[in-house]
Amino acid sequence: MNFILPKSRKKSFLLMLLTCVSFSFYAQTENTIKGKVVAEASAETQVGVIIRIKGTSVATTTDVNGNFELKTTEPFPFTLLISYIGFQTKEVEIYEAEDPLEIKLQASNVLKEVVVVGYGEQNRKDVTGSISSVPTELKSQPVVSIERLLQGSVAGAQVTQVSGQPGAGVSVSIRGYNSINAGNDPLYVIDGYPIYNDYTVGNAGVTGGPQINPLSSIPTSDIESIEVLKDASATAIYGSRGANGVVIVTTKKGKDSTFSVTYDEYTGVSSVIREIPLLNAGQFWKLREQAAINTGTYGALLGANASIIASAKNQGYNLDTSGQGTNWQKAAFRNAITQSHNLSIMSGTDKTKLGVSFNYFNQDGVLINTNFIRYAGRINVEHNYSKKFKLTASINASNISANVAPANVVPDLLFTPPSVPIYNSSGSYVIQSPFEAANPTIANPINTLVNEINQTKTNRFLGNVSAQYKILPNLTAKILVGADVTDNVQNQYLPTTISEGAALGGYAAIGSQFTTNWLNENTLTYSKVIKKIHKLNVLGGFTAQQSITEGSITAAAGFPNNLSTFNNIGSGVSAQPVSSSASEWALASFLGRVNYGLKDKYLVTVTLRADGSSRFGPNNKWGYFPSIAVAWNAHQEDFLKDIKWLSNLKLRGSVGNTGNQSIPPYSSLSQLGYYRYNFSNTTVAGYAPQTAYNPNLGWEQTTQTDFGTDLGFLKNRIAVTADVYYKLTTNLLLSEPVSGTSGLSYYNATNNAGQTSTIFQNTGAMENKGYEVAVLTQNLINKFKWNTTFLISENFNKILSLGDGISQEIPNTSQPSVLQVGAPIGSFLVYKTNGVIQPGETPLTPTKDTKPGGQQYVDVNGDGKITTADQVVLKNNPPVILGLTNTFKYGGFDLTVFLQASIGGLIYNANEATLEEGTGYLNSSTVMLNGYSATNTNTSVKSPYQDPTVTISNRFIESASYGRLKNITLGYTVPLKITEKAKIKSLRFYVSAQNLLTWTKYTGFDPEASSNGQSLINKGYDSGTYPNSKMFLGGVTVTF
Amino acid sequence: MKNLKYVVFTTIAISTISCKKFLEETPQGIITTQNFYKTQSDAIAATDAVYFFLNAGGTGEQTLYNVLLSTGMDMATDDVDPGPGASNADVRSLSVLSTVSTNRTTFQLWQQHYAAIGMANVALAKIPGIAMDSTLKARLLGESKFLRALYYFNLVRLWGDVPLVLEYNPSAVTASDYAVARTPSTQVYAQIETDLTQAAAALPNSYSSPDVGRATKGAALALLAKVYLTTASLPLNITGNYQLAVNTALEAMSPADGGSGAFGYALQSNYANVFLPAFKNNSEHIFSAQFKSLSQGQGNNQNGRAIYNGVPGLSGSYAEQVRFYKNGSDNYFSIYKLYQPGDKRKRASFFTFYISPTNGKKYALPITNPAFPNDSTPFFSKAWDPNSTGITSESAANVAILRYAELLLIHAEAENEINGPDAVAYTSLNKVRNRAGLPDLTAGLTQAQFRDSLYLDRRLELVWEYQRWFDLIREKDASGNPIFTASLHAVGKNNAQPFRALYPIPQNELSANPKMTQNPGF
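First, a word on what this report is: a plain description of the structure on this page. The residue count restarts for each chain, going from 1 along the sequence in the order it is written. All chains are assigned letters beginning with A, and all ligands numbers beginning with 1, in the order in which they are written. Per-residue local features are limited, in this predicted model, to residues with pLDDT of at least 70; the limit for side-chain atom pairs, both in listing and counting, is 80 or more; totals at the level of whole chains, interfaces and linings are taken over all residues. With hydrogens and water set aside, each side-chain value is computed from the structure's full complement of heavy atoms.

With respect to the overall build of chain A
Right, on to step 1. The secondary structure listing takes helices from DSSP runs of H or I that are at least 4 residues long and strands from runs of E that are at least 2 residues long, numbered from the N terminus. Broken down by element type, chain A carries 11 helices and 52 strands.
Right, on to step 2. Relative to a compact globule of 1040 residues, whose C-alpha radius of gyration would be 31 Å, chain A shows 32 Å and is just as compact.
Right, on to step 3. With respect to the three principal axes, the spread of C-alpha positions in chain A is 110 × 65 × 65 Å.
Right, on to step 4. Per-residue burial for chain A yields a buried fraction of 58% across its 1040 residues.
Right, on to step 5. Relative to all contacts within chain A whose residues are 6 or more apart in sequence, the contacts with residues 24 or more apart total 70%.
Right, on to step 6. Surface exposure of chain A reaches about 39300 Å², of which carbon and sulfur atoms provide 58%.
Right, on to step 7. Positive and negative charge centroids in chain A, built from 79 and 72 side chains respectively, lie 7 Å apart. When we talk radius of gyration, it's over C-alpha atoms, and the globule rule is simply 2.2 Å times the number of residues to the 0.38. Under the scheme applied here, a residue whose accessible area is under 20% of the maximum for its type counts as buried, over 50% as exposed, and between as partly exposed, the area being computed with a 1.4 Å probe on protein chains only. Contacts between residues were defined by any pair of non-hydrogen atoms, one from each residue, lying within 4.5 Å. Note on areas: Shrake-Rupley, 1.4 Å probe, and residue coverage restricted to the protein chains presented here. Charge assignment in this entry is limited to Lys and Arg as positive and Asp and Glu as negative, and neither His nor the chain termini are counted. The atoms used to mark charge sites are NZ of Lys, CZ of Arg, CG of Asp and CD of Glu.

Pasting the structure below:
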């Protein structure tokens, strides 16, 4: 070590020496600090406020009049920490036992002082970009994953819970849809670690049904704050990954000089929001006969009925042809229990802050035999070794496992005829419906739910350590190293006793996938205030991130028995396709940012990031993402200073470029596919190209312009933030359809069902424009407190181009979604219905059902027949999103009422489309009771018909608008006076309800449903989606 | 200067990662075109891939000769229907000839044929540049040409004029690079003939293990004979090609049957053995899609689809059904009723009951019509594998694409068209009839009578072998008109109209390829 201190160090050393001397001198004296705590806005005195001397355990609380008295021998100077629920913690420096203090506390839901931005923190007043924070009172909602907290609480965030499977999918988009093929999920930055929430990392490819959300590995109880970066100025520092917005999540750390142990527990019961009214057995049987009569096959039906009844008898059960029959939904849905236990320990000294937490969460699904279980542990440490050197570590480890509802189960619950019983007379399950028994979509769904093993398990480690060193007083270097390791194992077993496994003689599959993602960030920050008027902050750095994934799937069929399920895969006699895979991607970046503020009034931020991505072609690996923003704190100008009611007026403007790179690795290469065949009964491996080589493949670029204002009135009791923006995305990474004659289809040998030929390239453009307004008010601030948060945002999305000469693309030909130039993503292409064919009318229909009572369609082009040319595009713009939160506090009681609404938007009810076919093979909805018949001609419901051609029509497009009482929570905090005796710092009991009320005209389970998961290009397609649920819960939080 | 060490440290951290290398993609689980097509084994692998769409290679998907030509074509004929287990609306609408351009099953057919042709084109482009054994190289190129011809032959019959793509174009990167116009069907046929002629010159007469199942010279000649017969038939009607059909057929036929082929082709004495896995690749086989049981899903899925689903221990989906239709008083008329007494092909092509492997009982679907007491609905049995009753979808039964009985029928038909029913025509047809247990065809028939008899025998011989649709559009009645519409109307498929003899060009193809045009009527 070097013992010769530099000049500056010598000075500080002397200073320290002097202070030490003075400490010992005053050590014995006892002093009394007196004071009063009031709320800043109302001047109301506050009861039960904790006043603590920082770095010690010396503390007291305010009495009924808000006064406190603190006796201490602690030598001056020291710092008082004043903390109270609902207010920002305040620090007051005490140099002597002066006159009684008056301490003013600021309510914490008003604009937070410090916000976390990319690679740093900023004072709210210095921010030039558009950044929203999730309000404190909405952070404690009992949800599984982080994204759900954004729903209705952040203006501009559209969050949709697409599946009710516990732990499963959430679709998130910030400020609209910027991409067609490269993903629309925002970038999540968790304690500084950027994560693209790629569902494939938690999906080894074996488990059927909804996928489990990888972000569900992080308990929401760990979260300290969530910031959403929306405009280009805020996101450009994340360059190539910033186009879809950035969600910065910070987890809880210990605070200075505190030690607390908090235990939170709640237990809830969830149930399905609604059931779909279906026919009973007698009604079904009548409809079946009517369908045959209408089709002209009644004679044949009688024969078929006889053989179906006989076939059922053969298998040991009777068909119910006249009674109530089986209510499959009732048999499958249950009241499901959710349990959450959370223990956190926060500890802090003046040098070290520690946060440790453990979470256990167990949610049963409303469908029997489905669940989600999480164990998670976290350690956050911040250690200030010296004033110059700081070490930080943030480590989260978790284990999640889920029993997932197999994909066909929900359709089966709706479509299986009620005439079929669940069990046969010997008590074992009926395997298939005899009506169209072979179709696996009508396997006995209860049998499948109970007996199919369909599970996924994920261990995830997400951690980073960083070291920060002040090279010079104004210059700090930071090195961060982190890793995100995800191991996923999936198991499936289809026993011979269920329809899905019978044909294969039992089928077992095991998949495993290991993903290691590492990160290194090196930044230098220079921060200086020059002559008290120039505030300068300069950041520069280099980062590298790499991810490696390896996976494998083993499978076999033909098991001698079902005893060992997937655990003895070698005993299956029939070898099934097995696979393994490996993929890598890497990102290297240079980043820089300058924040400059003049007199705290005029602010400028300039950022530039250069990203190099392995995913792109050799000609286009590097992309450059600049942005600039300016802001004006106008209320600090002299001419506005005197206006008392105006406490804040800031105008902001920004423009910049961000990118998107979320395409699979190796997309620019010409990959070979593996194609198996056999000669002489010996398997051979063939190889042929799967993709075209595109050396020019590069970034998707989004240019965003944003204008915003932050307003505060009446000492910020009313705070308004409003933004308008325009985003233009060009060079879309489009999987562009090409002629099938290219031979470029069937690139994926495992999924070649009608696959379109495509090539990946940068073409096409899309725009998003919209507005966002957030209003935060403190309506009552006295003993009875009432705060309101209101949010509204709307985005207008439009596809401007899909590439040269292409005006339309259909992502999946059996679904109504269409990509149409001039229309928003997620629009539908459908035939228009025109009532039912009345006697004497000329039938206009593309189906065979041309008799009176058949569905009539609109001949749009007037050529006298219904062809694909008569399909029309129904625009499906993103909805207006509203959030309204009211919090009330009186004494120990607190009440939060959170209403959320989504107005506009369309959903295709594919379940209903099938339920109104009226074939008599599958069950129908009760709507069909009003079907056309000779005696019921004045109806819009067609008559049952046996063999309909499936037509995707506007009849099944419904409004997806809804309003929802998303959360209502009533809590009671036991007065400190009482709990103090038991050395309890805080004790709160609460009851809460999630999704208690939903107002919607949608006739399906839930208007948020989407069978296509996170995908936005074919969103709003509800085909057998796991239904969403509502939940009642009660819980307790206790802090020692 | 102390701070220097942090600067040095940071610099090291940055420079340890060389940016260029770091961002280079070196896939480990994937082979790329750049590092392939270099060795002899690469050449073989490139060729083997061209066979993939014949059996689906264990992907579990429907590919051409593993179900798709049934759901996408055979079900539209007068012999086959979608059974109760076939719930796919596209298949059901195809089966009643109300297909539209958005039909996914026909789209799949289009895509798979061109994907397979693409694989052939890559092999044909890359293999010539590989340093390897020259005989093997010629053979591999011959195999790809044979397969390309086979795929184009299907395409041109299903859609008429189709784009003729013969090149591998690795530098095409935009959609417009791939736009291609339709080629007149006569030119497509000319290319098929060229490919087959070249294939016949390059391919060996036969293979020994482990190569049995590859394309042979005999297969190329037999297919060429069939192509000539087809072009001589409707709709092209190039009658001069009948003679070419006869000549080419004779080149493949065995000397015992009057030909000059050295391929050892002969009819199996027992019709049933032709299809059973135990006799696969027998002397009657010319070219077949190869299936394998219990091996990564390479089984023939048609088997389970034909099986009645109420049989304990025998899981079947009953998605393939024999067409039963109303015909006057005979309420349950079908191809099944066309077999004469004593025709052994009836029992070998259909089951009327299944025996449960678990309880030994017989299961059948009784016909409820009192006019047929004790009669039962028949089930197709040509994909049956007696060894895979546990997993019926894993049948090892091959699908015959060309077999010797058909070659004899091609010869007989072409000969009849040129010379009337001469002795040679009778001989070839009677070989097929006699093997089925039927007597010689009545002597002294007129050309038209002989043609009708031959058509019937052809239909009964080749039922459920993906032939009927092509015959429906190719064959003519006594006055030379297509039998297509009348035959389908006769079995109650009343949507049949002449324009439906060609499929609609898939909607996706029309929107992705600006040079594409729709077939008339759609």
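Text resumes after the structure shown.
Side note on the overall build of chain B
Right, on to step 1. On a plain count of helices and strands, chain B comes out with 19 helices and 10 strands.
Right, on to step 2. Relative to its length of 522 residues, chain B is compact, with a C-alpha radius of gyration of 26 Å against a globular reference of 24 Å.
Right, on to step 3. Seen along its three principal axes, the alpha-carbon backbone of chain B occupies a region of about 110 × 55 × 50 Å.
Right, on to step 4. In chain B, which comprises 522 residues, the proportion classed as buried is 62%.
Right, on to step 5. Contacts in chain B between residues far apart in sequence, at least 24 positions, make up 69% of those at least 6 positions apart.
Right, on to step 6. Split by element, the accessible area of chain B, about 18300 Å² in all, is 55% carbon and sulfur.
Right, on to step 7. Charged side chains of chain B number 43 positive and 41 negative; the gap between the two group centres comes to 6 Å.

Looking at the interface of chain B and chain A
Right, on to step 1. On the chain A side, the residues contacting the 104 residues of chain B number 96 residues.
Right, on to step 2. Buried area is a sum: the accessible area each of two parts loses on coming together, probed at 1.4 Å, counted once for each and added. Between chain B and chain A, a total of about 8200 Å² is buried, with carbon and sulfur atoms accounting for 58% of that surface.
Right, on to step 3. Three residues stand out in chain B for area buried against chain A, namely Leu23(B), Glu25(B) and Gln296(B), and they jointly supply 10% of the buried area on that side.
Right, on to step 4. Basic side-chain nitrogens of Lys or Arg form a salt bridge, by our definition, when they fall within 4 Å of a carboxyl oxygen of Asp or Glu. Here chain B is connected to chain A by zero salt bridges.

Describing unusual backbone geometry
Residues and elements named next belong to chain B.
Right, on to step 1. The omega torsion of the bond from Ser-209 to Pro-210 falls at 10°, within 30 degrees of zero and hence cis.
Right, on to step 2. As for its position among the elements, Pro-210 is in the loop between helix H9 (185–202) and helix H10 (217–232).
Right, on to step 3. Between Leu-234 and Pro-235 the backbone carries a cis peptide bond, its omega angle lying at 0°.
Right, on to step 4. Looking at where Pro-235 falls in the secondary structure, it is placed in the loop between H10 and helix H11 (241–252).
Right, on to step 5. Positive phi outside glycine occurs at Leu-97, with the angle close to 55°.
Right, on to step 6. Looking at the element boundaries, Leu-97 is found in the loop between helix H6 (89–95) and helix H7 (104–126).
Right, on to step 7. One non-glycine residue with positive phi stands out, namely Leu-294, at about 50°.
Right, on to step 8. Residue position: Leu-294 is located in the loop between strand S2 (285–289) and helix H12 (302–306).

Examining the side chain of Arg305(B)
Residues and elements named next belong to chain B.
Right, on to step 1. Mapped onto the elements of the fold, Arg-305 is located in helix H12.
Right, on to step 2. According to the relative accessible area criterion, Arg-305 is buried, its value standing at 14%.
Right, on to step 3. Residues contacting Arg-305, with those up to four places away along its chain left out, are Gln-62, Val-67, Thr-71, Met-75, Ser-317, Tyr-318, Ala-319 and Glu-320.

Things to note about the packing of helix H14 (residues 404–419) of chain B against helix H15 (residues 423–435) of chain B
Residues and elements named next belong to chain B.
Right, on to step 1. For every element, the axis is a line fit to its C-alpha atoms; helices are fit only across the contacting stretch, and the angle between N-to-C directions ranges from 0 to 180 degrees. With their axes 8 Å apart at the nearest point, H14 and H15 run at an angle of 150° to one another. In this view, H14 runs roughly antiparallel relative to H15, as classed from their interaxial angle. Seen from above, H14 lies across H15 with left-handed handedness. Here Ala-405, Leu-408, Leu-409, His-411, Ala-412, Glu-415 and Asn-416 of H14 come into contact with H15, specifically with Val-424, Ala-425, Ser-428, Leu-429, Lys-431, Val-432 and Arg-435.
Right, on to step 2. Amino acids outside the nonpolar list (Ala, Val, Leu, Ile, Met, Phe, Trp, Tyr, Cys, Pro) and the charged list (Asp, Glu, Lys, Arg) are all regarded as polar, and Gly is one of them. Among the residues forming the contact of H14 with H15, the class breakdown is eight nonpolar, three polar and three charged. The cut-offs work like this: below 35 degrees is roughly parallel, past 145 is roughly antiparallel, 65 to 115 is roughly perpendicular, and the gaps in between are oblique. By the definition used in this description, the sense in which the near helix is turned from the far one sets the handedness, with an anticlockwise turn below a right angle giving left-handed and a clockwise turn giving right-handed.

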